[in-house]
Amino acid sequence: MTFSSLTDARTRVLAQNFQFDLVSTEKLLLKYIERPITVERTEGQQAVTVSGTLLASANGLVLRTNDGTIQALNGYSAIRFPALSGGLDTRPTLVWDLDAPRGGEQRTRITYQTANITWWADYNLIFSEGKDANSGLLDLAAWVSIINQSGAGYADARLKLIAGDVHRVQNQRIAAIAPRRFDAAAAATNAPGFAEKPFFEFHLYTLGRRTSLPDNSTQQIELFDQAKQIPAKKILLYYGAQEAYSYANPITDRNMGTASNKKVDVYLTFRNDKEHGLGVPLPAGRIRVAKLDAADAAPEFIGEDAIDHTPKDETVRVRLGTAFDVVGECRQVDFSVDSKARSMEEEIEIKLRNHKEQAAEVLVKESLYRGATWKILSHSQEFASDDAHSIHFPVTVAKDAESVVRYRVRYSW
């Protein structure tokens with residue numbers, strides 16, 4: 001927390017005390033040990049009151065009555081206390097000891113971090129097919145969702161949002177806060193929407209108007225104007241082997257990683273650049289996609305995904321689900337190990353079946369996980385290397401047809 005006086009800069013905080021010993025029946029009873037209380041209880045059809053000094057409150061009440069006798073009360077209907085005991089508050093309270101050169105009211109500015117206010121981005125995409133089934137155009141609307149569960153409301157606040165992976169220290173004494181920040185004490189711009197600018201190694205979005213954030217509420221605010229007619233591509237991606245990771249040591253067990261995956265994943269991709277109508281940093285968030293139905297021009301939901309923080313001029317890839325009419329099959333055709341030569345060879349066959357009324361373009365991705373050093377000995381189609389442990393084959397599968405990809409790889413160590 002930081003404190004500064006706008007009236008007299010010499011005013012400063014000497015100490016602060018956060019009091020959170022809140023009122024409850026148990027706390028009041030403990031505070032009133034050796035003090036007088038009045039207890040109401042029901043005997044038959046009558047209400048009876050007993051007054052005296054409270055001696056104990058565990059497992060019932062023990063009172064010393066006004067005539068000196070001791071009564072143990074195991075049941076009661078109500079307790080009357082003379083006044084609220086000192087040291088108890090009805091809500092958490094921050095108390096400051098101030099050093100000021102003069103008395104009276106002063107205007108101050110207090111800055112602090114609070115938990116349980118967070119935000120994320122929500123993107124709504126509407127896809128319409130283009131000249132073929134594998135391309136089209138997107139309309140993109142962007143919103144920010146802000147949840148306030150801090151215990152306090154913020155009326156007529158200035159709002160700034162920081163997007164990025166902001167590191168936070170977390171332990172038992174510090175509340176866990178999402179890696180985005182709400183700031184209700186920042187200068188606004190004249191623009192009605194959000195203005196974006198780089199800020200340190202993150203991005204800052206400043207709302208150009210004031211807004212109110214009641215406690216226990218969710219508010220959505222448009223992040224930027226809707227972008228229309230963004231070129232997009234549909235990609236069918238097939239991972240043959242279910243194990244898509246590599247190991248430090250060679251994997252000579254021929255059965256390792258040979259389980260076949262039949263599902264073909266569906267993605268939409270588009271470039272986040274000015275040429276295609278965007279070119280703004282996109283904060284991490286949830287992205288929902290709908291497709292226009294040509295029969296009535298109504299948007300129908302076709303999938304959703306989460307995206308990470310995406311800078312301008314980068315590609316956004318949205319996973320929508322798995323293809324209904326395109327399936328894959330991957331199997332190991334041959335496998336051998338030569339321990340003396342410190343090498344092994346494996347031959348893989350991938351079959352793709354397309355049951356659609358038009359050709360399907362599928363990207364077959366294979367993970368070469370058995371060893372760090374490998375060489376492709378033969379291949380039925382041209383391929384490209386994605387990284388040190390994977391390759392991919394672009395395959396076109398005709399309608400109601402099957403295509404086969406086959407390759408042989410040698411690992412050495």
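Above this text is the structure in question.
None of the values given here were measured: they were computed from a predicted structure.

*Asks:* Explain the overall build of the protein here, please?
*Replies:* Across its full length, the protein carries one helix and 29 strands. Computed over C-alpha atoms, the radius of gyration of the protein comes to 34 Å, more than 25% over the 22 Å expected from 2.2 N^0.38 for 413 residues, which places it beyond the range of a compact globule. C-alpha atoms of the protein, sized along the principal axes, occupy 100 × 55 × 50 Å. When the 413 residues of the protein are sorted by exposure, 35% land in the buried category. In the protein, the proportion of contacts linking residues at least 24 apart, taken out of those at least 6 apart, comes to 67%. About 24,000 Å² of surface is accessible on the protein, with carbon and sulfur atoms providing 48% of the total. For the protein, the centre of its 49 positive side-chain charges and the centre of its 52 negative side-chain charges are spaced 4 Å apart.

*Asks:* How should I be thinking about the side chain of Ser 5 in this particular structure?
*Replies:* In this fold, Ser 5 is placed in strand β1 (residues 2-5). A polar atom in the side chain of Ser 5 sits 3.0 Å from the backbone nitrogen of Asp 8. One polar contact links Ser 5 to Gln 106, side chain to side chain, over a distance of 2.5 Å. Among all residues touching Ser 5, those that are not within four sequence positions of it are Thr 11, Gln 106, Arg 107 and Thr 108.

*Asks:* What am I meant to see in the sheet that holds strand β29 (residues 401-412) here?
*Replies:* Sheets are built from strands that pair by backbone hydrogen bonding, the pairs being arranged parallel or antiparallel. The antiparallel open sheet is built from four strands, whose spatial order is β23-β24-β29-β26. Looking at the sheet topology across the chains shown, the edges are occupied by β23 (326-338) and β26 (373-379). Each adjacent strand pair in this sheet contributes to an overall mean axis angle of 20°, direction not counted.

*Asks:* I keep staring at a nonpolar patch on the surface and nothing clicks. Help me out?
*Replies:* A surface patch of nonpolar side chains, about 560 Å² in accessible area, is lined by Met 1, Phe 18, Phe 20, Leu 94 and Tyr 112. Note that Tyr 112 resides in the loop between β9 (108-111) and β10 (117-129).

*Asks:* What should I look at first to understand the packing of aromatic side chains in this one?
*Replies:* Within a pair of aromatic rings, the relevant descriptors are the distance that separates the centres and the angle that separates the planes. According to the stated counting rule, one finds six aromatic pairs in the structure shown. Between Tyr 32 and Phe 81 the ring centres are 5.0 Å apart and the planes differ by 50°, which places this aromatic pair in the tilted class. In this pair, Tyr 32 sits in the loop between α1 (25-31) and β3 (36-43) while Phe 81 sits in the loop between β7 (78-80) and β8 (93-99), placing the two residues 49 residues apart along the sequence. Ring centres 5.8 Å apart and planes at 50° place the aromatic pair Phe 383 and Phe 393 in the tilted group. In this pair, Phe 383 is assigned in the loop between β26 and β27 (384-387) and Phe 393 in strand β28 (residues 390-397), connecting sequence segments ten residues apart. Taken together, the aromatic side chains of Phe 383, Phe 393 and Tyr 407 make up a single cluster linked through ring pairs. When the ring centre of Tyr 32 is taken as origin, the NZ or CZ atom of Arg 35, which lies over that ring, is 4.3 Å away.

*Asks:* Help me understand the sheet that holds strand β6 (residues 70-73) in this model?
*Replies:* Strand order in this open sheet of five strands is β6-β5-β4-β3-β7, and the pairing throughout is antiparallel. In the strand order of this sheet, the two ends are held by β6 and β7, each with one partner. Taking the axes of each pair of neighbouring strands and ignoring which way they run, one obtains an average angle of 45° across the sheet. Bridge count for β3 against strand β4 (residues 46-56) is eight bridges, and the pairing is antiparallel. Among the inter-strand pairings, Val 39 is bridged to a residue of β4, identified as Val 50.

*Asks:* Which parts of the structure should I look at to understand the pairing of β3?
*Replies:* Two faces, one strand: in a regular strand the side chains alternate between the faces of the sheet. Here β3 folds back onto β4, and the loop between the two strands holds two residues, one of which, Gly 44, carries a positive phi near 70°. Bridging between β3 and β7 involves three bridges; their strand directions are antiparallel. Paired with Glu 40 across the strands is Ala 78, a residue of β7.

*Asks:* Whenever I open this one, the pattern of salt bridges confuses me. Can you help?
*Replies:* Any two side chains of opposite charge can pair, so long as their charged atoms come close to each other. Counted according to the given criterion, the structure contains 21 salt bridges. Between Arg 406 and Glu 347 there is a salt bridge, with its nearest N and O atoms 2.8 Å apart. Of this pair, Arg 406 sits in strand β29 while Glu 347 is found in strand β24 (residues 343-354), placing the two residues 59 residues apart along the sequence. Overall, the relative accessible area of 16% leaves Glu 347 in the buried class. Between Arg 408 and Glu 347 there is a salt bridge whose closest N-O contact spans 2.8 Å. Here Arg 408, found in strand β29, pairs with Glu 347, found in strand β24; they are 61 residues apart in sequence, far enough to count as distant. In terms of burial, Arg 408 and Glu 347 fall into one category: buried. Shared partners join several salt bridges into a network, and the residues in it are Arg 331, Asp 334, Glu 345, Glu 347, Glu 349, Arg 406, Arg 408 and Arg 410.

Reading guide: rules and limits
Residues numbered from 1 in each chain as written. Predicted model: local features only at pLDDT ≥ 70, side-chain atom pairs only at ≥ 80, totals over all residues. Heavy atoms only, no water. Helix = DSSP H or I, 4+ residues; strand = E, 2+ residues; numbered from the N terminus. Rg over C-alpha atoms; globule rule 2.2 N^0.38 Å. Buried < 20%, exposed > 50% of the residue type's maximum accessible area, 1.4 Å probe, protein only. Contact = heavy atoms within 4.5 Å. Areas by Shrake-Rupley, 256 points an atom, 1.4 Å probe, with all protein chains shown as cover. Lys, Arg positive; Asp, Glu negative; His and termini not counted. Charge placed at Lys NZ, Arg CZ, Asp CG, Glu CD. Polar contact = N/O pair within 3.5 Å; in protein donor to acceptor, adjacent residues only side chain to side chain. Pairing = 2+ DSSP bridges. Axes fitted to C-alpha atoms, helices over the stretch in contact; angles between N-to-C directions. Patch = residues over 30% accessible without salt bridge, like charges linked within 9 Å, V, L, I, M, F, W, Y side chains within 5 Å. Salt bridge = Lys/Arg side-chain N within 4 Å of Asp/Glu carboxyl O. Phe/Tyr/Trp six-rings, centres within 6.5 Å; stacked < 30°, edge-to-face > 60°. Lys NZ or Arg CZ within 6 Å of the ring centre and 35° of its normal.

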